[in-house]
Every structure is written in structure tokens, then in C-alpha cells.
Amino acid sequence: MVSQPRRNTQIGRRHISRDVTVQHRRASTACRDIIRVKDLKVNVSITEQESAPSQVLVTLAIAHDTRSTAAADDLSYTINYASVADTITKTFSSVSGTSSLHAVAKASASSCLDRHPEVEELTVGTHTTLSSGTTAGVEIMTTRGHTHPIVQSSWLNGLECQAIIGVNPEERTTPQPVVLHVVMEHSPGAEKPIRLRELESVVAKVRCRSQFAASLHHLIISKRVSKSSFLTLEALACSVAHAILVHTGEEHARATIRAAKPHALRPVAAAAEVEIS
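Residues numbered from 1 in each chain as written. Predicted model: local features only at pLDDT ≥ 70, side-chain atom pairs only at ≥ 80, totals over all residues. Heavy atoms only, no water.

S.K.: Please explain helix α3 (residues 81-93) as it appears in this structure.
M.R.: An α-helical turn contains 3.6 residues, so a residue and the one three or four places further along point in the same direction. Helix length check: α3, at 13 residues, gives a terminal C-alpha distance of 18 Å against a target of 18 Å (1.5 Å per residue), a fit within 8%. Listed in full, the buried residues belonging to α3 are V84, A85, T87, I88, T91 and F92. Buried positions in α3, seen along its axis, are confined to an arc of 155 degrees and lie on one side of it. Looking at where α3 begins, the residue whose side-chain oxygen comes 3.0 Å from the main-chain nitrogen of A82 is N80. (Helix = DSSP H or I, 4+ residues; strand = E, 2+ residues; numbered from the N terminus. Expected span 1.5 Å × (residues − 1). Buried < 20%, exposed > 50% of the residue type's maximum accessible area, 1.4 Å probe, protein only. Arc of directions from axis to C-beta. Polar contact = N/O pair within 3.5 Å; in protein donor to acceptor, adjacent residues only side chain to side chain.)

Encoded structure:
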């Protein structure tokens, strides 16, 4: 049983033994306390992007038992988030380019674990805004001692496409906007990044063909949605999910699609939405 903090009357402050703190830190993977560095800006060139270096935002969520810090009100028991932020900034200050958002996430996780032995488990998210205005992101979760991420996902937010969708007569002839939010949970241990050159034949008519890997699903989805003529959002969302899963070819991958029609219920509601997994 872990002893309670005891008061040191000689110095008039609370004191917690280092042994207890070590026990708490070793138990960090079992706790849900989080120390977060949110949206740290790094400028890094993505090799599959032809334009200037992109601003990528990196978020680190570090699992850490905060009870010792809270009880002692002492920073020496916690993780120094300023030091963690400095580690990530320095990691990319000397990097001329990297292949994808996934590579940025992996490099961030590796640097944090290598330089901060007190970190046992962390989640790293990276995201950026594509030329279309869609936000693309990647998230991985890993622990000390694991070579590959335990959990990894990629997502697109605010992907707007024009589509024939709906049952009303005017909806069968006039395209209307459909806004999609897509989350792809990748198979455990999946390491092969999808390259856009594999989709050259699919996206030959897209003006900005050479986006980097995070925009891959954007191109697949845009093509699928723009050529659709579904009656229901349910059918459209299922079609998008199927296209992504077939292309990735990952046996245990999972796709979640949220499809919205912003004009469907105007002016009484912002949108009508369907979410499928």
C-alpha cells in the first residue's frame, strides 16, 4: 500500500519520498492523467509536396500519474512540458525534409522517448491544412520498448465535395455540397505509407496531383463522391468507406465516415449528418 504524503515540519512544506514518485511514474501507463503539448508549430518540407515547406502542428499527449505533483505541488515530480516542446522543435530544426505526416509523428515520438526517460507512454498527433482547405492529420500511440506504434490512425476533416445526393427532384439534377469527416484506423503494425504516385491514373484530372501522403484519401474520396448519384447519405458514406479500405488493402483496418448535407435542413439546422463505421 502506497503511503500518504507526510508533512515535514522543519521546512514547513509537504514532502513525498522519491520511492513513491518512482512507483507512480512506473504506473503511468495504467493512469489516464495526461500532460499535453498542443499544436506545436514545426516547419518541415514533405517530400511528396512540391510547394514550400508546410506548417505542421504537432500535439503530444503524455500519460503520467500526476498525484505526486499535485500532492507536493512540486514541478520536480512531473514532466517538464517546456523541455518536451524544445525537444520536438530541435528534432526538426535540422531536418530538411520528411516523407509524410506519419513520419513526423514517428520522429516526434522517438525523440521524446529517447530524450525523456520519464516518459513511458504517449500519443502524438500531427496535422496540417491541404491546399483544398481540408485538414489532414495522423495520430499514433506508442510506449517505451515498442519498435512500432501500437495504435495509429489518419483523418481528414472538412472535405467538401459536390454530389448528386437526395430524393427530391431538384437534388437529382443539381449537385450540392457534401462535407465529410473521415477517420482511418490502421492495422496494428502497418508501416507502409501510401504514396500518391500509386494513384496517378486515378487522379490524373486533379489539378494539384502531387500532394503529400496525408491527402491521399482526399483524392480518392473526391473522385468517388463527385461521380456518385446516391439517394441517401448512408449509401454514399458506405461507398466512401469501401473505396478507402479497398485501396489501403489493410486486413484489419477500420474506417469511420461522417457525411453531412449542409443545405438539407436550412434554415432550421446547420446540417443533416450520418456517421457509419
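Back to the write-up after that little detour.
S.K.: It is not clear to me how the nonpolar core should be interpreted in this structure. Could you clarify?
M.R.: Soluble globular proteins: nonpolar side chains tend toward being buried together. V58, L60, L122 and V124 are the most contacted members of the largest nonpolar core, which has 26 residues in total. Sorting the residues of this core by element identifies β3 (34-44), β4 (54-63), α3, α4 (101-115), β5 (121-129) and β6 (135-143) as the ones contributing at least two each. Examining the composition of this core, we find that six residues originate from one element, α4, more than from any other. Among residues more than four places away in sequence, those in contact with L60 are I35, R36, V37, V84, I88, C112, L122, T123 and V124. Formed by 23 residues, the second largest nonpolar core is a distinct cluster that contains L156, I244, A259 and I276. (Core = buried A, V, L, I, M, F, W, Y, C linked by side-chain atoms within 4.5 Å. Contact = heavy atoms within 4.5 Å.)

S.K.: Is there a simple way to explain the confidence of the model for the protein chain in this structure?
M.R.: The share of residues in the protein chain with pLDDT of 70 or more is 71%, and the mean pLDDT across the chain is 76. By mean pLDDT, strand β2 (residues 13-15) is the weakest element of the protein chain at 40, and strand β10 (residues 272-276) is the strongest at 96. Low confidence marks residues 1-29, where pLDDT is under 50. Its contacts with residues over four positions away, or in another chain, come to 40 contacts. (pLDDT = per-residue confidence, 0-100.)

S.K.: How should the pattern of salt bridges be read in this particular structure?
M.R.: Side-chain pairs of opposite charge can arise where the charged atoms are in close proximity. Under the defined criterion, the tally for this structure stands at five salt bridges. Note that K261 is salt-bridged to E171, the shortest N-O span being 2.9 Å. Placement of the pair is K261 in strand β9 (residues 254-261) and E171 in the loop between β7 (151-163) and β8 (176-185), with a sequence separation of 90 residues. Of the two residues examined, K261 and E171, each falls in the buried class. (Salt bridge = Lys/Arg side-chain N within 4 Å of Asp/Glu carboxyl O.)

S.K.: I keep staring at the environment of H252 and nothing clicks. Help me out?
M.R.: Tracing the backbone shows H252 in the loop between α6 (233-248) and β9. For H252, a relative accessible area of 57% gives the class exposed. Along the backbone, H252 and E185 are 67 residues apart, and their C-alpha atoms lie at a distance of 8.7 Å.

S.K.: Is there a simple way to explain α4 in this structure?
M.R.: For α4, built from 15 residues, the straight-helix expectation of 21 Å at 1.5 Å per residue is met to within 8% by its first-to-last C-alpha distance of 21 Å. By the burial criterion, the buried members of α4 are L101, H102, A103, V104, A105, S108, A109, S111, C112 and L113.

S.K.: What should I look at first to understand the pairing of β7 in this one?
M.R.: Remember that side chains alternate between the two faces of the sheet whenever the strand is regular. Two elements, β6 and β7, share seven bridges in a ladder whose sense is antiparallel. Note on β7: the bridge partner recorded for I140 is Q152. Pairing geometry for β7 and β8, over ten bridges, is antiparallel. The residue bridging L159 from the neighbouring strand is L180, located in β8. (Pairing = 2+ DSSP bridges.)

S.K.: What am I meant to see in the packing of α3 against α4 here?
M.R.: Axes are the key here: two packed helices are described by the angle between their axes and the distance separating the axes. Contact geometry for α3 and α4: axes closest at 9 Å, N-to-C directions at 125 degrees. By the angle class used here, α3 and α4 are oblique. Classified by chirality, the crossing of α4 by α3 is right-handed. Between α3 and α4, the contacting residues are V84, T87, I88, K90, T91 and F92 on the first element and V104, A107, S108, S111, C112 and R115 on the second. (Axes fitted to C-alpha atoms, helices over the stretch in contact; angles between N-to-C directions. Parallel < 35°, antiparallel > 145°, perpendicular 65-115°, else oblique. Left-handed = near helix turned anticlockwise from the far one by under 90°.)

S.K.: Looking at this model, I keep getting lost on the environment of G166. Mind explaining?
M.R.: Tracing the backbone through its elements, the reader meets G166 in the loop between β7 and β8. Residue classification places G166 among the buried positions, given a relative accessible area of 2%. Measuring from C-alpha to C-alpha, the distance between G166 and T232 comes to 5.7 Å, with 66 residues separating the pair along the chain. Leaving out residues up to four positions away in the same chain, G166 has contacts with E171, R172, F230, L231 and K261.

S.K.: Quick question: what am I supposed to make of unusual backbone geometry here?
M.R.: For the bond from R266 to P267, the omega torsion is 0 degrees, close enough to zero to count as cis. Within the secondary structure, P267 sits in the loop between β9 and β10. With phi around 55 degrees, D73 is a residue other than glycine that occupies positive phi space. By the element assignment, D73 lies in the loop between α2 (67-72) and α3. Given a relative accessible area of 65%, D73 falls into the exposed group.

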